[in-house]
Amino acid sequence: MVEDQDEQGDTVDGADLSHVLRELSIATDAVVQRDAATREQVKTLANRLLEEARRAHVYAATSNFDLVEDTYGQGHGVYGYLAVGPHGFHLATRAEWEDITEHSLAPDGAELYSVLALENWPVEWLRLIVERNLMHQLAQCLLTAIQDQIADPKKNAALPPDMQQPSPGVVAIAAQLGFAKVIDVWRETQRELVANPTGALRAACVLLETVCKHILHERRVPLPSTPTLPNLYKAAEKELKMDDDERTLATGLRAVVDGIAHGRSHRSNAHGAGPQDIAPSGSHAELAVTASGALAVHFMKLLSERLKSTTNG
């Protein structure tokens, strides 16, 4: 039975735990420092591989490997691969439940992977990748790809597979509507997210502007005289003729739009960069891209529903 602790909280049942707690704190600090140092080492190596990939304009990737084992066979596993190319270095992941449910597929049925920047890798995955020498495997794959390029000058540089963030299925709904430019912008957003968080923030805004312009064009409505993202959003929202529930949700979505537009003006390179400007972090850019993708999907699905209703009516 645990009795009341003393004021220092280091004594339980009369036993002085202060020494153990100090040792525990020291050991924890050592682990945290080691993991931070490991992440920096991987970052240094990744930057070197990225430099060579850009110089040779070649893409390389490892084979798939397990990140989370599915112990009970219920689709809880996660697998992925490391890749590097002119557009950046990344870890691409896919959950086994996506395979089981045939979720996150491109229009041609190809599997879509989620992109995870190095700074957002869970520590457990970082350790696993280092323990299995997977960065070394990626370096070998890049060397082979460059040697293949030398052996066959006519060979086109390999391009990375389609990728997407975990939630929004932008490609599928845009393809359904025939919005090819939206797909192009989304793919550019993904490439920027991997290699350039500043550019990704700008691209997230461009994605929403592009979707809104397509909606207005589809509804044969002229663009606002000042086609900023907030104005385009308001015009598109009006044309989608939302009901009360949708309008309530849209109130929150409008705050997302304002936040992305603000980020574009103050954190991206859309209007040039000043000497004291602060670049967005990878997580900041990832949040903006994921939010813009989800909102883009929502608007395109509403448009699709309105078009079907008009056709059936």
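> Help me understand the overall build of the protein, please; the structure alone is not making it clear to me.
Looking only at helices and strands, the protein has ten helices and seven strands in total. Looking at the 313 residues of the protein, the share that counts as buried comes to 39%. Partitioning the contacts of the protein with sequence separation of at least 6, the portion at a separation of at least 24 is 66%. Accessible surface, the protein as shown: approximately 17600 Å² in total, 53% of it carbon and sulfur.

> Would you mind showing me how to read the nonpolar core here?
Nonpolar side chains in soluble globular proteins tend to be buried together. Core analysis: the biggest nonpolar cluster contains 38 residues, and Val182, Val211, Phe299 and Met300 have the highest contact counts within it. Those elements giving two or more residues to this core turn out to be α5 (170-177), α6 (180-195), α7 (197-218), α8 (229-239) and α10 (282-312). Dropping the residues within four chain positions of it, Val211 is found in contact with Val182, Ala296, Phe299 and Met300. In this structure, Leu82, Leu91, Trp121 and Leu134 belong to the second largest nonpolar core, which totals 26 residues.

> What's the story with the pattern of salt bridges in this structure? I'm lost.
Oppositely charged side chains are able to pair whenever their charged atoms sit close together. Going through the model one piece at a time under the given rule, you end up with five salt bridges. Asp35 serves as the salt-bridge partner of Arg127, at 2.7 Å between the closest nitrogen and oxygen. Residue Arg127 is located in helix α3 (residues 123-131), and its partner Asp35 is located in helix α1 (residues 18-56); the two are separated by 92 residues in the primary sequence. Arg127 sits in the partly exposed class, given a relative accessible area of 30%. Each member of the salt-bridge network shares a partner with another, and the members are Arg34, Asp35 and Arg127.

> Help me understand unusual backbone geometry, please; the structure alone is not making it clear to me.
In most cases, non-glycine residues show a negative phi, while peptide bonds are predominantly trans. At His57, a position not held by glycine, the phi torsion is positive, near 50 degrees. Position of His57 among the secondary structure elements: in the loop between α1 and β3 (60-61). Judged by relative accessible area, which is 48%, His57 ranks as partly exposed.

> Help me understand the environment of Leu142, please; the structure alone is not making it clear to me.
By the element assignment, Leu142 lies in helix α4 (residues 134-151). Remark: the alpha-carbon pair of Leu142 and Ala56, spanning 86 residues in sequence, is separated by 9.8 Å. Once residues within four sequence positions are removed from consideration, Leu142 is found in contact with Leu49, Glu52, Ala53, Val58, Ala60 and Val84.

> Could you clarify how one ought to interpret α7 in this entry?
Side chains three or four residues apart in an α-helix point the same way, a direct result of the helix having 3.6 residues per turn. The end-to-end C-alpha distance of α7 is 31 Å, a good match for the 32 Å that 22 residues give at a rise of 1.5 Å each. Once α7 finishes, Arg220 follows within two positions and takes phi at roughly 60 degrees, a positive value.

> Is there a simple way to think about the pairing of strand β6 (residues 88-95) in this case?
Look at any regular strand and the pattern is simple: side chains alternate between the two faces of the sheet. In terms of residue burial, β6 counts as a mostly covered element, since eight of its eight residues are buried. Alternating residues of β6 divide into Gly88, His90, Ala92 and Arg94 and Phe89, Leu91, Thr93 and Ala95, and every residue in both groups is buried. As defined by bridge partners, strand β5 (residues 78-85) adjoins β6 across eight bridges and the pair is classed as antiparallel. Bridging across to β6, Val78 finds its partner in Ala95. Here β5 folds back onto β6, and the loop between the two strands holds two residues. Two elements, β6 and strand β7 (residues 114-116), share three bridges in a ladder whose sense is antiparallel. In the sheet register, Ala92 faces β7, and the bridge partner there is Val115.

> Looking at this model, I keep getting lost on the environment of Gly199. Mind explaining?
Among the secondary structure elements, Gly199 is positioned in helix α7. Taking the C-alpha atoms as reference points, Gly199 and Ala285, 86 residues apart in sequence, are found 8.7 Å from one another.

> How do you make sense of the packing of α7 against α8 when you look at a structure like this?
How two helices sit against one another is set out by the angle between their axes and by the gap between those axes. Two elements in contact, α7 and α8, have axes separated by 9 Å at closest approach and are oriented at 40 degrees. Of the two possible hands of crossing, α7 and α8 adopt the one that is left-handed. Taking contact as the criterion, the partners of Cys205, Leu208, Glu209, Cys212, Lys213, Ile215 and Leu216 in α7 are, on α8, Leu229, Leu232, Tyr233, Ala235, Ala236 and Glu239. Residue classes in the contact of α7 with α8 are distributed as ten nonpolar, no polar and three charged.

> Looking at this structure, how should I read the environment of Val115?
Inspection of the secondary structure puts Val115 in strand β7. When the C-alpha atoms of Val115 and Thr93 are compared, they prove to be 6.6 Å apart, with 22 residues separating the residues in sequence.

> Can you help me understand the confidence of the model for the protein in this one?
When pLDDT drops low, the exact placement of atoms in the prediction is not to be read closely. Considering every residue of the protein, the mean pLDDT works out to 78; 72% of them sit at 70 or more. Here strand β1 (residues 11-12) is the element of the protein with the lowest mean pLDDT, 60, and α3 is the one with the highest, 94.

Definitions and cut-offs
- Residues numbered from 1 in each chain as written.
- Predicted model: local features only at pLDDT ≥ 70, side-chain atom pairs only at ≥ 80, totals over all residues.
- Heavy atoms only, no water.
- Helix = DSSP H or I, 4+ residues; strand = E, 2+ residues; numbered from the N terminus.
- Buried < 20%, exposed > 50% of the residue type's maximum accessible area, 1.4 Å probe, protein only.
- Contact = heavy atoms within 4.5 Å.
- Areas by Shrake-Rupley, 256 points an atom, 1.4 Å probe, with all protein chains shown as cover.
- Core = buried A, V, L, I, M, F, W, Y, C linked by side-chain atoms within 4.5 Å.
- Salt bridge = Lys/Arg side-chain N within 4 Å of Asp/Glu carboxyl O.
- Expected span 1.5 Å × (residues − 1).
- Pairing = 2+ DSSP bridges.
- Axes fitted to C-alpha atoms, helices over the stretch in contact; angles between N-to-C directions.
- Left-handed = near helix turned anticlockwise from the far one by under 90°.
- Nonpolar A, V, L, I, M, F, W, Y, C, P; charged D, E, K, R; others polar.
- pLDDT = per-residue confidence, 0-100.

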